[in-house]
Amino acid sequence: MKLTPLADRVILKMVEAEETTKGGIILTGSAKEKPSVAEVISVGPGGVVDGKTITMTVKAGDKVITDKYAGTKVTLEDVEYVVVRQGDILAIVE
Amino acid sequence: MKLTPLADRVILKMVEAEETTKGGIILTGSAKEKPSVAEVISVGPGGVVDGKTITMTVKAGDKVITDKYAGTKVTLEDVEYVVVRQGDILAIVE
Amino acid sequence: MKLTPLADRVILKMVEAEETTKGGIILTGSAKEKPSVAEVISVGPGGVVDGKTITMTVKAGDKVITDKYAGTKVTLEDVEYVVVRQGDILAIVE
Amino acid sequence: MKLTPLADRVILKMVEAEETTKGGIILTGSAKEKPSVAEVISVGPGGVVDGKTITMTVKAGDKVITDKYAGTKVTLEDVEYVVVRQGDILAIVE
Amino acid sequence: MKLTPLADRVILKMVEAEETTKGGIILTGSAKEKPSVAEVISVGPGGVVDGKTITMTVKAGDKVITDKYAGTKVTLEDVEYVVVRQGDILAIVE
Amino acid sequence: MKLTPLADRVILKMVEAEETTKGGIILTGSAKEKPSVAEVISVGPGGVVDGKTITMTVKAGDKVITDKYAGTKVTLEDVEYVVVRQGDILAIVE
Amino acid sequence: MKLTPLADRVILKMVEAEETTKGGIILTGSAKEKPSVAEVISVGPGGVVDGKTITMTVKAGDKVITDKYAGTKVTLEDVEYVVVRQGDILAIVE
């Protein structure tokens, strides 16, 4: 089974648990938005979303930072995913 | 009797009850939005909605994930449906 | 006396009382929006509304589902009507 | 003395007092918006309002239904008027 | 010293004190917005404001009704002015 | 050291302390927005800001009135500045 | 490891701790937004963001003032960064 995102949505798999440290990365979110590192699993087609043309710039395999409160959690066959809009992705970690 | 959605609306029939597990799928929603798996029953014509051209990309029979709080529940001849906007559909489950 | 709606407004006459059952139809609304079945009595001309061109797609006689909290109730010669915008109509019941 | 409305504004003179009945008309408003019957006294020129072209479709003498909470009350030489935007007028009563 | 308004702003000098009566005019504002009669002292150039083209239609000397809570009070050489946007002016009193 | 504003921002140096009087000018702000007189120190380049073309019309040396709560205070080498958007400037005092 | 911002986002490294003084700079923020001096580390590509074309005007090495509450803090290999949108940058300090 797999999840195919619609429009400008992106399926992520969290790499970092909330508030935990791994390697040299400590995530400290503000009260307003807390970031998390995640891996891009699949990417929607983009196109016209809410009247605006969205070009998808992330791709499967990218490690990204998003707002922790962005998106919807979905667990499929024991793996937890998060569905976000591309605009909720802040930066790529390389 | 049947429901014909207007504009960018989609008629769904819930496959998963809220917070219950079936097969390998566990749905865990955030406080903000909780997803649910549903089957697409019928699809509105799209077109210009609120000044923006909407192309319908889901079709009857698709299994989809939506925000649990999105849409309006309607029970017709003992079957419960949910009417959502296409933009409330996050991903297709295949 | 009659009511002629302006712009994208539609005059409805409720078929179903709130939370009651008739024939095979049970309406269960979420906390956010509760649907009701209504008959379309008259339809505004559409045209440019709030800077957007609206084409009216419902017509007098249609049975429709709307959000229960949408619109304004008006009683004219002992008949109660509800004035809604077309965009508040979710689906046509056939 | 007279009031000349600007832009898409319309000067109304209330026909029905709030919550009172006259002839066969009983007005029952929802908690959100309560309607009132009013006569159109004068109509602004329309034109480009907030970046959108507004064509005035009501005219002096029309009996209209508006949201009770819409607009600003002004008493001029002992007559009470209400200034509303045309978009706050729901329907014409004929 | 004088005040030259920018963009779509208009400098007004209040004619009527709040809630007081003069000649035949009694102003009764709703809880939401209370009107006041004022004289236009100077008018901004209009033009593109917030991405929308605004044509100024009021002129110095006009008596106008505005929402009492609209604008900013400024006292210059013992005269109190109010700076409003033209869109906050409801009607011209003639 | 100097501050170069971006986009439609303007660097101001307050002339009047809050609520104090100087010469014939008394500033009385409403609860919602309180004005202050300030001198323009430097002006951003304007251009396309949030999708809208902004032409800068104030210049260094202008005395202006702004909303007291608009902008961000910055003290640089013991001089306090306020950074506002040009749209927060109400009028030029001459 | 490095952070590559998406769209109109900018990676900053704070120069000034909150509310502290360094050299001749004292930062005093209003209740609404408090500024901070930061160095630009990397800059997103700009382009069409939320339907609007954004041209990036800051560059790596710039010292900038932003709203203290803007953006998301990320600590990578013991260095704390803040990810902001370019529109949250008020001015360049030279």
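Cut-off values and rules
- Position numbers for residues start from 1 in each chain and track the written sequence from start to end.
- Ligands are numbered from 1 and chains lettered from A, in the order in which they are written.
- Owing to the predicted nature of the model, reporting of local features is limited to residues with pLDDT of at least 70; listing and counting of side-chain atom pairs is limited to 80 or more, with chain, interface and lining totals taken over all residues.
- Just so you know, side-chain values use all the structure's heavy atoms and leave hydrogens and water out.
- UniProt positions are given in the numbering used here, feature names are shortened, and annotations may be inferred rather than shown by experiment.
- Numbering of helices and strands starts at the N terminus; helices are DSSP runs of H or I of at least 4 residues and strands are runs of E of at least 2.
- Here's how the labels work: a residue is buried when its accessible area is under 20% of the maximum for its type, exposed when over 50%, partly exposed in between, all with a 1.4 Å probe on protein chains only.
- Contact between two residues is taken to exist if any of their heavy atoms lie within 4.5 Å; hydrogens are not considered.
- For the accessible areas, the method is Shrake-Rupley and the probe is 1.4 Å, while residue cover comes only from the protein chains on display.
- What counts as a salt bridge is simple: a side-chain nitrogen of Lys or Arg found within 4 Å of a carboxyl oxygen of Asp or Glu.
- For our purposes a nonpolar core is just a set of buried Ala, Val, Leu, Ile, Met, Phe, Trp, Tyr and Cys residues, chained together by side-chain atoms within 4.5 Å.
- As defined here, a cavity is a set of points on a 1 Å grid over the protein atoms alone where a 1.4 Å probe fits but cannot get out. A pocket is an open set with protein on both sides within 12 Å along at least five of seven lines, and residues line them when an atom is within 4 Å of a point.
- Grid points are joined across faces, edges and corners, and a volume is the space filled by probe spheres set on the points.
- Three classes are used: nonpolar for Ala, Val, Leu, Ile, Met, Phe, Trp, Tyr, Cys and Pro, charged for Asp, Glu, Lys and Arg, and polar for all others, with Gly counted as polar.
- His is not counted, nor are the chain ends; Lys and Arg add positive charge and Asp and Glu add negative charge.
- Any pair of nitrogen or oxygen atoms within 3.5 Å is treated as a polar contact; in protein, a donor-acceptor pairing is required on top of that, and neighbouring residues in sequence qualify only through side-chain atoms on both sides.

As annotated in an unreviewed UniProt entry, chain A is Co-chaperonin GroES from Oscillibacter hominis. Quoted verbatim from the Subunit (unreviewed entry) heading of the UniProt record, the comment on chain A is "Heptamer of 7 subunits arranged in a ring. Interacts with the chaperonin GroEL." Reading the Sequence similarities (unreviewed entry) entry of the UniProt record for chain A gives the comment "Belongs to the GroES chaperonin family."

Trainee: Hey, could you run me through the overall build of chain A in this one?
Mentor: When helices and strands are counted, chain A shows zero helices and ten strands. Ordered by position from N to C terminus, the α and β elements of chain A give β-β-β-β-β-β-β-β-β-β. Of all 94 residues assigned to chain A, the portion counted as buried reaches 50%. Intrachain contacts of chain A at a sequence separation of at least 6 include 66% that bridge at least 24 residues. Put simply, chain A shows about 4300 Å² of open surface, and 52% of that area lies on carbon and sulfur atoms.

Trainee: Would you mind going over the pattern of salt bridges with me for this structure?
Mentor: For the coordinates displayed, the defined rule picks out 28 salt bridges over all chains. Between D:Lys59 and D:Asp62 there is a salt bridge, with the nearest N and O atoms lying 3.1 Å from each other.

Trainee: Help me out: how do you make sense of the nonpolar core in this one?
Mentor: Nonpolar side chains in soluble globular proteins tend to be buried together. Grouped together as the largest cluster of nonpolar side chains are 15 residues, with contacts concentrated most on A:Val10, A:Leu12, A:Val40, A:Val58, A:Val64, A:Val84 and A:Ile89. Residue assignment for this core shows that the elements contributing at least two residues are strand E2 (9-14), strand E4 (35-43), strand E9 (79-85) and strand E10 (89-93) of chain A.

Trainee: Would you mind going over the environment of D:Leu90 with me for this structure?
Mentor: Assignment of secondary structure puts D:Leu90 in strand E10 (residues 89-93). The class for D:Leu90 is buried, based on a relative accessible area of 2%. Between the C-alpha atoms of D:Leu90 and D:Val64, which are 26 residues apart in sequence, the distance is 7.3 Å. D:Leu90 has contacts with C:Pro5, C:Leu6, C:Arg9, C:Thr72, C:Val83, D:Ile65, D:Thr66 and D:Asp67, leaving out every residue within four places of it along the chain.

Trainee: What is the right way to read the layout of surface pockets from this model?
Mentor: With a probe scaled to a water molecule rolled over the atoms, the places where space remains empty come into view. Approximately 850 Å³ is the volume attributed to the second largest pocket. As for the second largest pocket, its lining consists of 38 residues, of which C:Asp8, C:Ile54, C:Gln86, C:Gly87 and C:Asp88 are closest to the centre. Elements with a minimum of two residues in the lining of the second largest pocket: strand E5 (47-49) of chain B together with strand E6 (52-54) and strand E9 (79-85) of chain C. Here the lining of the second largest pocket is composed, by residue class, of 13 nonpolar, eleven polar and 14 charged.

Trainee: Is there a simple way to think about the side chain of E:Arg9 in this case?
Mentor: Relative to the helices and strands, E:Arg9 is located in strand E2 (residues 9-14). Of the side chains with opposite charge, E:Asp8 lies nearest to the buried E:Arg9, which makes no salt bridge, at 5.1 Å. One polar contact links the side chain of E:Arg9 to the main-chain carbonyl oxygen of F:Gly87, over a distance of 3.0 Å. In contact with E:Arg9, other than residues within four places in its own chain, are E:Val43, E:Gly44, E:Met56, E:Val83, E:Val84, E:Arg85, F:Gly87, F:Ile89 and F:Leu90.

Trainee: Could you clarify how one ought to interpret the environment of G:Val83 in this entry?
Mentor: Position of G:Val83 relative to the elements: it lies in strand E9 (residues 79-85). C-alpha separation for the pair G:Val83 and G:Pro5, spaced 78 residues apart in sequence, amounts to 7.7 Å. Discounting residues that sit within four places of it in the chain, G:Val83 has contacts with A:Leu90, G:Arg9, G:Val10, G:Ile11, G:Gly71, G:Thr72 and G:Val74.

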